[in-house]
Amino acid sequence: MGSIRRFDLNRITKDYHTPFFVETGTWKGDGVEYARQAAFTKILSVEIIPGIAAEAKKRFSAYGMIEIIEGDSAAVLAKELPQFAGNCIFWLDAHFPGADEGLKAYDTEGDEDLRLPLQKEMEIIKNTRSSFSDVFIIDDLRIYEDGIYENGNAPVDALPRQNRNLIFIERNFGDSHIILRSYQDEGYILLFPREVYQHHRRSENDYYLVPGQR
C-alpha cells in the first residue's frame, strides 16, 4: 500500500495553485489527516465501505473543510466535481473495496468498475474538468505494469481481468500532462500539467517527494 505522505503537498499546492484535495479510498483517514496539514481550502474523500466511511466522518467531524462521502468513487466524482472551481490534487486509491481491511479478497468484486475504478474515474475527471490544471498522484502502478517495485509485482488475483495497461491515461492526459512512474512501494503514477511542471521541476524526473524520500 502506498502513502500520500511520500509527496510534498505544500510544494505542489504552491507550484500548481491547487486549493482542493480529492481522495478516493479513505480507509483509516491518514491521507485526509496529511492533507489537512497543507494549505487546502476543501478536502473531499470518497469511501465505498459504509463502516469505514462512518469512522472517518467521526474522526474529522470538527473540520468544516473536510467532507467524507460514502459511495462508489466514480459516481461521487461525477456528482461532486462540478463544485470545485479551481485546480485539484487527486489522490486516487479506491481499488479492491474491503481488501485492505481484510473484508474481501482482491478478486471478490465481480463488477470491474468497482473493483478497479481508475479508468472510469480518470474519464470522468477528463470530461468534467478540461479547463483546469489538476495534479494526479495514483497508487499501485504495479496493478497495470510489471516493474522493479520496492514491494514486488502485484499478485495475479489483483490484476485487471483484461486490458492491463495505461493506455486510458495516455489517451486522456498524454497531451496536457507529464506522466511519471515511481517504483517506490507498490508504484505510483504521477501526472503534472506539462507547462507548469517544465517551469518548476528541479530534476529530469522530479516526483515532488518529501525530502529524504528519494
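Given the structure is predicted, the values throughout are model-derived calculations rather than measurements.

J.: Just give me the short version of the packing of aromatic side chains, but keep the residues and values in it.
T.: For the structure shown, the criterion picks out 12 aromatic pairs. Arranged with centres 5.2 Å apart and planes meeting at 50°, the rings of Tyr149 and Tyr183 form a pair that is tilted. Taken together, the residues span a long stretch of sequence, with Tyr149 in the loop between β5 (135-139) and α7 (167-173) and Tyr183 in the loop between β6 (177-182) and β7 (188-193) at a distance of 34 residues. Grouping aromatic residues by their ring pairs yields a cluster made of Tyr16, Phe192, Tyr197 and Tyr208. Directly above the aromatic system of Phe173 lies the positively charged group of Lys126, at a separation of 5.7 Å from the ring centroid. A cation over a ring is seen here: Arg129 above Phe132, with NZ or CZ 4.2 Å from the ring centre.

J.: Go over the sheet that holds β7, please, and point to the residues and values.
T.: In a beta sheet, neighbouring strands pair by backbone hydrogen bonds and run either parallel or antiparallel. Pairing is mixed in the open sheet, where 7 strands are placed in the order β3-β2-β1-β4-β5-β7-β6. The strands lining the two open edges of the sheet, one partner per strand, are β3 (66-70) and β6. Shown here is a sheet whose adjacent strand axes are inclined to one another by a mean of 15°, direction ignored. As paired elements, strand β1 (residues 20-24) and strand β4 (residues 88-92) share 5 bridges and run parallel to each other. Pairing of Thr24 across the sheet is with Leu92, part of β4. In the packing of helix α1 (residues 9-16) onto the sheet, contacts are made with β1, β4, β5 and β7, and the angle to β5 comes to roughly 150°.

J.: Give me the environment of Arg181: which residues, what numbers.
T.: Within the fold, Arg181 resides in strand β6. Take Arg181: its relative accessible area is 24%, and that puts it in the partly exposed class. In this structure the C-alpha to C-alpha distance between Arg181 and Tyr207, which are 26 residues apart in sequence, comes to 8.6 Å. Leave out the neighbours within four places in its chain, and Arg181 touches Leu141, Glu145, Leu166, Glu170, Tyr188 and Tyr207. Side chain to side chain, Arg181 and Glu145 meet in a polar contact 2.9 Å long.

J.: I'd like to hear about the nonpolar core, residue by residue, with values.
T.: Met122, Phe136, Ile138, Ile169 and Leu191 are the most contacted members of the largest nonpolar core, which has 31 residues in total. Breaking this core down by element, the ones donating at least two residues are β1, β2 (42-47), α4 (73-80), β4, α6 (118-128), β5, α7 and β7. A total of 4 residues in this core trace back to one element, the largest contributor, which is α6. Formed by 28 residues, the second largest nonpolar core is a distinct cluster that contains Val32, Ile89, Val135 and Phe192.

J.: Tell me about the side chain of Glu33, and please be specific about residues and values.
T.: Mapping Glu33 onto the fold places it in helix α2 (residues 30-36). A relative accessible area of 16% means that Glu33 is categorised as buried. Excluding residues within four positions of it along the chain, Glu33 makes contact with Arg5, Arg59 and Phe60.

J.: Give a detailed account of the environment of Phe40, specifying residues and quantitative values.
T.: Note that Phe40 resides in the loop between α2 and β2. Along the backbone, Phe40 and Met65 are 25 residues apart, and their C-alpha atoms lie at a distance of 8.3 Å. Discounting chain neighbours no more than four positions away, the residues touching Phe40 are Leu9, Thr13, Thr18, Pro19, Phe20, Phe21, Ala35, Met65 and Ile89.

J.: Outline the pattern of salt bridges, listing residues and values.
T.: Side chains that differ in sign of charge can pair as their charged atoms come close. One pass over the structure, following the stated rule, counts 13 salt bridges. Arg6 is the salt-bridge partner of Glu150, the closest N and O atoms lying 3.6 Å from each other. Taken together, the residues span a long stretch of sequence, with Glu150 in the loop between β5 and α7 and Arg6 in the segment before α1 at a distance of 144 residues. The network of salt bridges with shared partners includes Arg6, Glu150 and Asp185.

Reading the values: the criteria
Residues numbered from 1 in each chain as written. Predicted model: local features only at pLDDT ≥ 70, side-chain atom pairs only at ≥ 80, totals over all residues. Heavy atoms only, no water. Phe/Tyr/Trp six-rings, centres within 6.5 Å; stacked < 30°, edge-to-face > 60°. Helix = DSSP H or I, 4+ residues; strand = E, 2+ residues; numbered from the N terminus. Lys NZ or Arg CZ within 6 Å of the ring centre and 35° of its normal. Pairing = 2+ DSSP bridges. Axes fitted to C-alpha atoms, helices over the stretch in contact; angles between N-to-C directions. Contact = heavy atoms within 4.5 Å. Buried < 20%, exposed > 50% of the residue type's maximum accessible area, 1.4 Å probe, protein only. Polar contact = N/O pair within 3.5 Å; in protein donor to acceptor, adjacent residues only side chain to side chain. Core = buried A, V, L, I, M, F, W, Y, C linked by side-chain atoms within 4.5 Å. Salt bridge = Lys/Arg side-chain N within 4 Å of Asp/Glu carboxyl O.

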